[in-house]
Amino acid sequence: MEKVRTRFAPSPTGFMHIGNLRTCLYAYLWAKKHNGTFVLRIEDTDQERYVEGAVDVIYSTLKKAGINHDEGPDKDGGYGPYIQSERKPLYLKYAQELVEKGGAYYCFCTKERLATLKDENGITRYDKHCLSLSKEEVQQRIAAGEPYVIRQNIPTEGVSEYDDMVFGHISVPNKDMEDEILIKSDGMPTYNFANVVDDHLMNINYVIRGVEYLSSTPKYNLMYDAFGWERPHYMHLSPIMKDAQRKLSKRYGDANFEDFIAKGYLPEAIVNYIALLGWAPKSNQEKMTMQEMLEQFDVDGISHSPSIFDEAKMRWLNGEYIKELSVDDFVKYATPYFEQSKIAGKYDYKKLAELLIPRTEIFSDIPEKVNFLEEFGEFDVEMFEHKKMKITKEIALSVLRKCEEVLPSFEKWDNDSLKEMLMKTATDMGIKTGQIFLPLRLAISAAASTPGGATELAVLLGKEETLRRLKFSRELLESKM
RNA sequence: GGCCCUAUGGUCAAGCGGUUAAGACACCACCCUUUCACGGUGGUAUCAUGGGUUCGAAUCCCGUUAGGGUCACCA
């Protein structure tokens, strides 16, 4: 196998979309799997859509995602420049070469004339009007300063075919393809042309991109052929969808890598999840490192149909990653969320982390899990009733009274000691351990669910606060009996 | 509308002519349990449709239906 070279060629139009990131990932995996080279190229031929700072977003996203390009604007590998706008002179030269070889021609048609070519569906198909212009006339009109474009000259007969690595054999009748513009009247190349020229010049031999190019690829092949260049291999990828009809896109929100990071997802989890959207490893393994993906990635496992993005599954995967975090790492990621919760600046984040690690799927869930520590007040005493544990309000009340009796004089305020003492108290009272812990937990948290049991919360709250809450709840319960 | 592509549970998906049609998420039940989680066990649920080919079809072929893409001086 020849030395593999793949590329990711985004347009700097803003944030990095999840779909683009997946395309990028696959291109990276394919290159690295074969010890090849992964190239980053910026396609900014459309000045109108250029967004300031977008290139930096691309760098930072790749970095966070763990995708390291071997060549790019910031890493010269001898195939530069890697920014299309800096390659401008090249394209016209190659377009002229293509004209000479018969693969393209100058066109002077005005937008007005083109508008008259619309068919009943509003589809414009160029009629090769300018193909018949003589060389002399073309020269003369160019010299006169008349605006022009250069169009690809596609045969009107025959069929163009190629084999896509994921979709298999694709064949498109030549008559169904239009003579597309290669060089715009502003002298800039269109994507169609710049892409082919750059891919060839940069020696890209595996072109990995979205399916939207599947049916126009024969056109690109026709250009490779006309130039006498070797065609690359193609791997087209089905889109990631929001639902059965709509593609995942900025318009529907949350489609950007950065958005998910902001929501409290770990970059590795996002990358892992999107790798699995549209590709399934032979091993059936789901949680995998970049290294494991490299080893297992293969074209066979790439699906042909669109995949619907399922955030619930990504949440689960993220939770799996969080469970493996050390307490310190968890605190590092979680601190911003602690800071925006009601307990900001209070409590020991490390202690909380221990309780939270197995119960957190995404970091932004943290505030609602810890707010009960500060938010304490009246609650529905019916919550004391617990059928499965056979707890009634009467039992709960006697438990709370007993706790108020034994806790004030208890000195060893740590989890194990409290637990041991309370279990003994339960025995003394002739009830099951669950019947003492459950009412106590409720009494000091006022919350139906908390990230930890009664004694863990008691330690967190401290003795004084625990007793204050206990008294409050006991009185509340008494008043409602 | 022309052309190209796609079709397995709610979602991601395995499957490559013979399987009780994997697995994961979600959901439900049970177990564990100091709540909630975690963990464990089990369960509900899928081959779009009609024709072929074949002893035998989720798998191959054709039609239908549905969906996506494309038909820009966007990429």
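Residues numbered from 1 in each chain as written. Chains lettered and ligands numbered in written order. Predicted model: local features only at pLDDT ≥ 70, side-chain atom pairs only at ≥ 80, totals over all residues. Heavy atoms only, no water.

Enquirer: How do you make sense of the protein's contact with RNA strand B when you look at a structure like this?
Expert: Not every one of the 62 residues close to RNA strand B is listed here, only the nearest: Gly278, Glu286, Arg359, Lys419 and Gly452. Atoms of RNA strand B within 4 Å of the protein: sugar and phosphate make up 67%, bases the balance. Within the contact set of RNA strand B, a sugar or linking oxygen lies 2.3 Å away from a side-chain nitrogen or oxygen of Glu286. Ile308 places a polar main-chain atom, nitrogen or oxygen, 3.1 Å from a phosphate oxygen of RNA strand B. Secondary-structure elements contributing two or more residues to the surface near RNA strand B are β6 (168-173), β11 (307-308), α11 (311-323), α17 (433-445) and α18 (454-461). Tallying contributions element by element places β6 first for the surface near RNA strand B, with five residues. When grouped by side-chain class, the residues that make up the surface near RNA strand B number 24 nonpolar, 23 polar and 15 charged. (Near = heavy atom within 4 Å. Polar contact = N/O pair within 3.5 Å; in protein donor to acceptor, adjacent residues only side chain to side chain. Helix = DSSP H or I, 4+ residues; strand = E, 2+ residues; numbered from the N terminus. Nonpolar A, V, L, I, M, F, W, Y, C, P; charged D, E, K, R; others polar.)

Enquirer: I tried to follow the packing of α17 against α18 on my own but got confused; where do I start?
Expert: The packing of two helices is summarised by the inter-axis angle and the distance between the axes. Between α17 and α18, the least distance of the axes is 8 Å, while the angle of their chain directions is 35°. In the crossing of α17 with α18, the sense of the turn from one axis to the other is left-handed. For the pair α17 and α18, the contacting residues are Phe437, Leu440, Arg441, Ile444 and Ser445 in the first and Ala454, Thr455, Leu457, Ala458 and Leu461 in the second. Considered class by class, the residues forming the contact of α17 with α18 number seven nonpolar, two polar and one charged. (Axes fitted to C-alpha atoms, helices over the stretch in contact; angles between N-to-C directions. Left-handed = near helix turned anticlockwise from the far one by under 90°. Contact = heavy atoms within 4.5 Å.)

Enquirer: Before we go on, may I ask you to explain the pairing of strand β9 (residues 233-237) in this structure?
Expert: On a regular strand, each side chain points to the face opposite its neighbour's, so the side chains alternate between the two faces of the sheet. Counting buried residues along β9, four of its five residues qualify, which places the element largely inside the surrounding structure. Where strand β8 (residues 206-210) meets β9, five bridges bridge the pair, whose relative direction is parallel. Within the sheet, the bridge partner assigned to Gly210 lies in β9 and is Leu237. Of the crossover connections in this fold, the one passing from β8 over helix α7 (residues 217-227) to the parallel β9 is right-handed. (Buried < 20%, exposed > 50% of the residue type's maximum accessible area, 1.4 Å probe, protein only. Pairing = 2+ DSSP bridges. Right-handed = clockwise from strand over helix to strand, strands pointing away.)

Enquirer: What exactly am I supposed to notice about unusual backbone geometry here?
Expert: Backbone phi values are negative for most residues with the exception of glycine, while trans is the configuration of most peptide bonds. Going from Gly80 to Pro81, the amide bond is cis rather than trans, its omega being -5°. Inspection of the secondary structure puts Pro81 in the loop between α2 (54-65) and α3 (88-100). A positive phi angle, near 65°, is found at Asn203, a position not held by glycine. Mapped onto the secondary structure, Asn203 falls in the loop between α6 (191-201) and β8. In this model, Tyr347 sits at a positive phi of 65°, which is unusual for a non-glycine residue. In this structure Tyr347 comes out as partly exposed when scored by relative accessible area, which is 23%.

Enquirer: Just checking my understanding: could you explain the packing of aromatic side chains for this structure?
Expert: Geometrically, a pair of aromatic rings is defined through the distance of the ring centres and the angle of the planes. The final tally for this structure, using the stated rule, is 23 aromatic pairs. Ring centres of Tyr224 and Trp229 lie 6.2 Å apart, and the angle between their planes is 75°; on these two criteria the pair is classed as edge-to-face. Per residue, the accessibility class of Tyr224 equals that of Trp229, and both read buried. Counting every residue linked through ring pairs, the aromatic cluster contains Tyr94, Phe193, Tyr224, Phe227 and Trp229. The ring of Tyr94 carries the charged tip of Lys93 above its face, separated from the ring centre by 4.3 Å. In this arrangement the basic side chain of Arg151 is found over the ring face of Tyr126, its NZ or CZ atom lying 3.7 Å from the centre. (Phe/Tyr/Trp six-rings, centres within 6.5 Å; stacked < 30°, edge-to-face > 60°. Lys NZ or Arg CZ within 6 Å of the ring centre and 35° of its normal.)

Enquirer: Would you take a moment to explain the environment of Asp127 for this structure?
Expert: Assignment of secondary structure puts Asp127 in the loop between α4 (111-115) and α5 (135-143). Residue class for Asp127 comes out partly exposed when judged on its relative accessible area of 37%. In this structure, the C-alpha to C-alpha distance between Asp127 and Leu117, residues ten residues apart in sequence, is 7.9 Å. Residues in contact with Asp127, not counting those within four places in the same chain, are Arg113 and Leu117.

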